[in-house]
Amino acid sequence: MIPSLWCIDVAIAALCWGVLIAALFGITMLTFGPLLLLFGLVWSYTLFSRVFRSLEGSMIMHADYYRQHAFPMLLLALCSLAATLWLLFFVVGNVLISFFIIPFIVSIIGRVPFLRKMPYLRELAQAAAYVFACAVPAYYYGFVYTPIGLLYNSHLWCLTCLFFLFNIERESPVSLSEGEQKAAWVPAGLLVLFIPCAYHAFFGDRGGYEQNFYTVLCIGAVALHMLSSWRAKCEPSLGFALSWCFMTMPALLGILFFAPETWF
């Protein structure tokens, strides 16, 4: 439970997806600087988000734990953010600011007060910000990519749909006694996502890069379906602790299958 409660699993998953997206983009050279930035920013943002949501009274799992540990968590988040900013300005280079500004703006959209009432807007904004942040190392080392290109990449939006469904699945209560049923259209959304991705993965003629991307999306859809089925049969705390493992597994398999030979 500790790595999940302290958001370490979210940051590790972001690190894995960042490496995978770079592999799928065909990046032959990848250093630790942008990846450490990705890890630090995702970790500090997630800690801030969970603590503030619990203090606001939002219905999140283990809200009491976050309220009781608010001070050390906020202190850790500030230290992580300070270390990340130092790395950004004095080691890696502040050119990465232009790439990270896109996921930052997208994450803010889900927190605008008059937009909060829109259903699932926060989940969609968080999913898009997470995916765009994971794509920053690949865009940074791609040289020909621009920050605004994050918003026009259809593959990243397909991956955003996967994490959007994951956010809904993870936030929805499993027990009917908690007052709300699980979103019934999540399995339908997975099916809608899986069928065209499977077609492009096995029968597409767009080249290896896109076929590999769609293959990973298929693996992710299957992993999320397994998580949805498994959560209904296990303790809520266990599902909370291990849910991000299901979304890290597709990234690890993709790295194993599709990483450039120069990496090894």
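Here the structure is a predicted model, which is why all the values come from computation and not from measurement.

Peer 1: Got a minute to help me understand the overall build of the chain in this structure?
Peer 2: Counting secondary structure elements, the chain contains 12 helices and 0 strands. Seen in sequence order, the chain has helices and strands lined up from the N terminus as α-α-α-α-α-α-α-α-α-α-α-α. Over its C-alpha atoms the chain spans a radius of gyration of 18 Å, differing by no more than 12% from the 18 Å that the globule rule assigns to 264 residues. A buried classification covers 51% of the 264 residues belonging to the chain.

Peer 1: Is there a simple way to think about the nonpolar core in this case?
Peer 2: Within soluble globular proteins, side chains that are nonpolar generally end up buried alongside one another. Core analysis: the largest hydrophobic core is formed by 68 residues, its most contacted members being Tyr130, Leu156, Leu159 and Phe163. A total of 11 residues in this core trace back to one element, the largest contributor, which is helix α2 (residues 8-24). Other than its neighbours up to four places away in sequence, Leu159 contacts Trp17, Ile21, Val131, Phe213 and Leu217. Membership of the second largest hydrophobic core comes to 17 residues, among which are Trp6, Cys7, Ala63 and Tyr66.

Peer 1: Looking at this model, I keep getting lost on a nonpolar patch on the surface. Mind explaining?
Peer 2: A contiguous nonpolar patch, built from Leu85, Trp86, Phe89, Phe90, Val91 and Ile97 and spanning about 630 Å² of accessible area, is present on the exposed surface. In terms of residue count, helix α5 (residues 70-92) provides more of the nonpolar patch than any other element does, 5 residues in total. Tracing the sequence through the fold places Phe90 in helix α5.

Peer 1: Is there a simple way to explain the pattern of salt bridges in this structure?
Peer 2: Side-chain pairing between opposite charges can occur once the charged atoms of the two side chains come close. A complete count under the given rule lists 2 salt bridges for this structure. Arg67 is paired through a salt bridge with Asp64; the nearest N and O atoms lie 2.5 Å apart. Here Asp64 and Arg67 lie together in helix α4 (residues 63-68), a separation of 3 residues that amounts to about one turn. You can call Arg67 partly exposed: its relative accessible area is 35%. Its salt-bridge partner being Glu123, residue Arg122 comes within 3.3 Å of it at the nearest N-O pair. Just as Arg122 is buried, Glu123 falls in that class too.

Peer 1: How should the packing of aromatic side chains be read in this particular structure?
Peer 2: The description of an aromatic ring pair rests on the distance of the ring centres and on the angle between the ring planes. In this structure the tally under the stated criterion is 19 aromatic pairs. Plain terms: the ring middles of Tyr130 and Trp244 are 5.4 Å apart, the flat faces sit at 50° to each other, and that makes the pair tilted. One end of the pair, Tyr130, is in helix α7 (residues 121-134); the other, Trp244, is in helix α12 (residues 236-258), with 114 residues separating them in the sequence.

Peer 1: What am I meant to see in the side chain of Thr46 here?
Peer 2: In this structure, Thr46 sits in helix α3 (residues 32-55). Looking at Thr46, the relative accessible area reads 12%, which means it is buried.

Calculation notes
Residues numbered from 1 in each chain as written. Predicted model: local features only at pLDDT ≥ 70, side-chain atom pairs only at ≥ 80, totals over all residues. Heavy atoms only, no water. Helix = DSSP H or I, 4+ residues; strand = E, 2+ residues; numbered from the N terminus. Rg over C-alpha atoms; globule rule 2.2 N^0.38 Å. Buried < 20%, exposed > 50% of the residue type's maximum accessible area, 1.4 Å probe, protein only. Core = buried A, V, L, I, M, F, W, Y, C linked by side-chain atoms within 4.5 Å. Contact = heavy atoms within 4.5 Å. Patch = residues over 30% accessible without salt bridge, like charges linked within 9 Å, V, L, I, M, F, W, Y side chains within 5 Å. Areas by Shrake-Rupley, 256 points an atom, 1.4 Å probe, with all protein chains shown as cover. Salt bridge = Lys/Arg side-chain N within 4 Å of Asp/Glu carboxyl O. Phe/Tyr/Trp six-rings, centres within 6.5 Å; stacked < 30°, edge-to-face > 60°.

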